[in-house]
Amino acid sequence: MIIGAGAAGSTAAFHLAKTGHKVTLLEKNSAPQVKPCGGGMAAAVQEWFPFDLKPAVEDVISKVEFSWCLKDPVIAALPGSAPFWIVKREKLDSLIMDHAINLGTDFINGFEAININRHNSVWEIKASDGRELIAKAVIIADGSQSIWPSKIGLGPKNQHHAQTISVRLKGKGNLKAGTARFEFGLVHHGFAWAFPLANEVNIGVGTFIGNHSIDSKEILNKLLPNLGFNPTDGERREAKLRVWNGHHKLHGEGILVIGDAASICDPFLAEGLRPALMSGYEAAKSLDHWIRGETMSLDIYTQSMKDKWGDSMAWGRRIAQVFYRFPKVGYQLGIKRPTAPQRIAQILSGKMGYGDIAQRVIKRLLLKSQ
Ligand SMILES: Cc1cc2nc3c(=O)[nH]c(=O)nc-3n(C[C@H](O)[C@H](O)[C@H](O)COP(=O)(O)OP(=O)(O)OC[C@H]3O[C@@H](n4cnc5c(N)ncnc54)[C@H](O)[C@@H]3O)c2cc1C
């Protein structure tokens, strides 16, 4: 039983169904929703899927433009070796889910899980409309607002959130196809981004340290005209995004937590799609062995997420704490370095971890900020 049919839950459903397990995917919404997500994702995620993800891809980024308070631009070509896609989230989630359903996953929408309880070695899941289901194993994949990990004692006790605002706009303003924009300086303790879709643009603002609410009106009043839009265009969506906050247990007896619910989103760049897909894949692999009786514990899942993701995020969090405290220095010394776009692309594609660059970056930032 998987709670939440987002990117993480659908991935886990697909891989469990592929190995022949009986899978039920539960989703609280009755129809697909527009998700507050930029949709930026390294093409490297394709490695976890035997089917083509391209139907969800709306643009391929070849160039990035950075600015500080909409000035001092840095324009850089991305290395072709680490392609970066912009997907439409609704399309990505339903593409993966459709493949899971084709392999026999039972999809139940309009099912809002309100209680999860372990009783006589099975998990009981109760919906807001009174329906009750039981399962041998449960995967929690209900996103950043999930209440279950802390109730069950999984994930961090102290959750850390990035505050975000997102807007999807019709047309492309002056944003060129194949170009992603990142603005530092306008946003206190964070940055803003604009990612092109086929005929729309995803714009977002995020703050990553402290507990500031975002003055989105003031930021968007400046940012949108700069991107060729009217400052009041589009519907604004606020979301609290749970980000990585330490190594923690992500499994219990017959239960696993994945995606945003597991607090694994990158605390520096808000990259959440790749870890959501990775955790869905890794969780399905561990659960397959556990259900077959080949292993007694699901601890291999927690361990593999630590090795493949968490170790890099521990450094990402340290970089975020220094970078967003001294963003101007960070922009001058980090972003403006000729090698920066290549390093960012390598990190986002998994070819490098934050640990590979962290000590040099932090030392440079601290020296210059004194
Ligand atoms: C503004 C913004 C921009 C972002 N941009 C990017 C980006 O460009 N690139 C990137 O990599 N990441 C980005 N992220 C992060 C990324 O969107 C998330 O990490 C990703 O959505 C995590 O997927 P998920 O499947 O864990 O959760 P979700 O996509 O949130 O899916 C959870 C699902 O569970 C369902 N659900 C919730 N509660 C229940 C319940 N009680 N019962 C049943 N179902 C339930 C929800 O309806 C939802 O469908 C962004 C996030 C934000 C907020």
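Residues numbered from 1 in each chain as written. Predicted model: local features only at pLDDT ≥ 70, side-chain atom pairs only at ≥ 80, totals over all residues. Heavy atoms only, no water.

Undergrad: Break down the overall build of the protein chain for me, citing the residues and quoting the values.
TA: Within the protein chain one finds nine helices and 19 strands. The principal-axis extents of the C-alpha atoms in the protein chain amount to approximately 60 × 40 × 35 Å. Across the 370 residues that make up the protein chain, the buried fraction comes to 56%. Summarising the internal contacts of the protein chain: among those between residues at least 6 apart in sequence, 72% fall at separations of at least 24. Carbon and sulfur atoms form 51% of the exposed surface of the protein chain, whose accessible area is close to 16,100 Å². The distance from the centre of the 45 positive side-chain charges to the centre of the 34 negative ones in the protein chain is 7 Å. (Helix = DSSP H or I, 4+ residues; strand = E, 2+ residues; numbered from the N terminus. Buried < 20%, exposed > 50% of the residue type's maximum accessible area, 1.4 Å probe, protein only. Contact = heavy atoms within 4.5 Å. Areas by Shrake-Rupley, 256 points an atom, 1.4 Å probe, with all protein chains shown as cover. Lys, Arg positive; Asp, Glu negative; His and termini not counted. Charge placed at Lys NZ, Arg CZ, Asp CG, Glu CD.)

Undergrad: Summarise the side chain of Thr-302; cite the residues concerned and give the values.
TA: In this fold, Thr-302 is placed in helix H6 (residues 299-323). Those residues in contact with Thr-302 that sit more than four places away from it in its chain are His-248, Lys-249, Leu-250 and His-251.

Undergrad: So, the pairing of strand S15 (residues 190-196): which residues are in play, and what are the values?
TA: Across the seven residues of S15, seven count as buried, placing the element largely inside the fold. Because side chains alternate across S15, one face comprises the buried residues Gly-190, Ala-192, Ala-194 and Pro-196, and the other comprises Phe-191, Trp-193 and Phe-195, equally buried. Bridge analysis of strand S14 (residues 179-184) against S15 gives three bridges, and the strand direction is antiparallel. Within S15, the residue paired with Arg-181 across the bridge is Ala-194. The hairpin formed by S14 and S15 contains five residues between the paired strands, and Gly-185 there has a positive phi angle of roughly 105 degrees. (Pairing = 2+ DSSP bridges.)

Undergrad: Residues and numbers for the sheet that holds strand S10 (residues 122-127), please.
TA: The sheet built from three strands is open, its strands ordered S9-S10-S11 with antiparallel pairing. Both outer strands of the open sheet, strand S9 (113-119) and strand S11 (132-135), are each paired with one neighbouring strand and no more. Sheet twist, expressed as the mean angle between neighbouring strand axes with direction ignored, is 20 degrees. Relative to S11, S10 is paired through four bridges, and the arrangement is antiparallel. Directly across from Lys-126, in S11, lies its bridge partner Glu-132. (Axes fitted to C-alpha atoms, helices over the stretch in contact; angles between N-to-C directions.)

Undergrad: Explain helix H8 (residues 340-348) to me, and be specific about the residues and the numbers.
TA: Among the residues of H8, Ala-340, Pro-341, Ala-345, Gln-346, Ile-347 and Leu-348 are the ones counted as buried. At the exit of H8 stands Gly-350, carrying a positive phi of roughly 85 degrees.

Undergrad: How would you explain the pattern of salt bridges if you had to name every residue and give the values?
TA: All told, the structure shown has 15 salt bridges when counted by the stated rule. The salt bridge partner of Lys-336 is Asp-72, with a shortest N-O separation of 2.9 Å. On the criterion of sequence distance, the pair formed by Lys-336 in the loop between helix H7 (327-335) and H8 and Asp-72 in strand S6 (residues 71-77) is long-range, its members being 264 residues apart. The exposure class assigned to Asp-72 is partly exposed, which follows from its relative accessible area of 29%. In this structure, Lys-88 engages Glu-200 in a salt bridge whose closest nitrogen and oxygen atoms are separated by 2.9 Å. Residue Lys-88 is located in the loop between strand S7 (84-87) and helix H2 (89-102), and its partner Glu-200 is located in strand S16 (residues 200-207); the two are separated by 112 residues in the primary sequence. Take Lys-88 and Glu-200: they sit in the same class, and that class is buried. What you see here is one network of salt bridges that share partners, running through Lys-35, Arg-89 and Asp-93. (Salt bridge = Lys/Arg side-chain N within 4 Å of Asp/Glu carboxyl O.)

Undergrad: I'd love a proper account of the sheet that holds S16, names of residues and values included.
TA: Read across the sheet, seven strands follow the order S6-S5-S14-S15-S16-S13-S17 without closing on themselves; strand pairing throughout is mixed. Strands with a single pairing partner mark the edges of an open sheet, and in this sheet they are S6 and strand S17 (236-243). Sheet twist, expressed as the average angle between the axes of neighbouring strands with direction ignored, equals 20 degrees. For strand S5 (residues 63-68) and S14, the ladder comprises six bridges, and the chain directions are parallel.

Undergrad: Outline H6, supporting the account with residue identities and numerical values.
TA: For H6, built from 25 residues, the straight-helix expectation of 36 Å at 1.5 Å per residue is met to within 8% by its first-to-last C-alpha distance of 34 Å. By the largest-angle criterion, Trp-309 marks the main kink of H6, which is about 50 degrees. (Expected span 1.5 Å × (residues − 1). Bend = angle between axes of the 7 residues up to and from the residue.)

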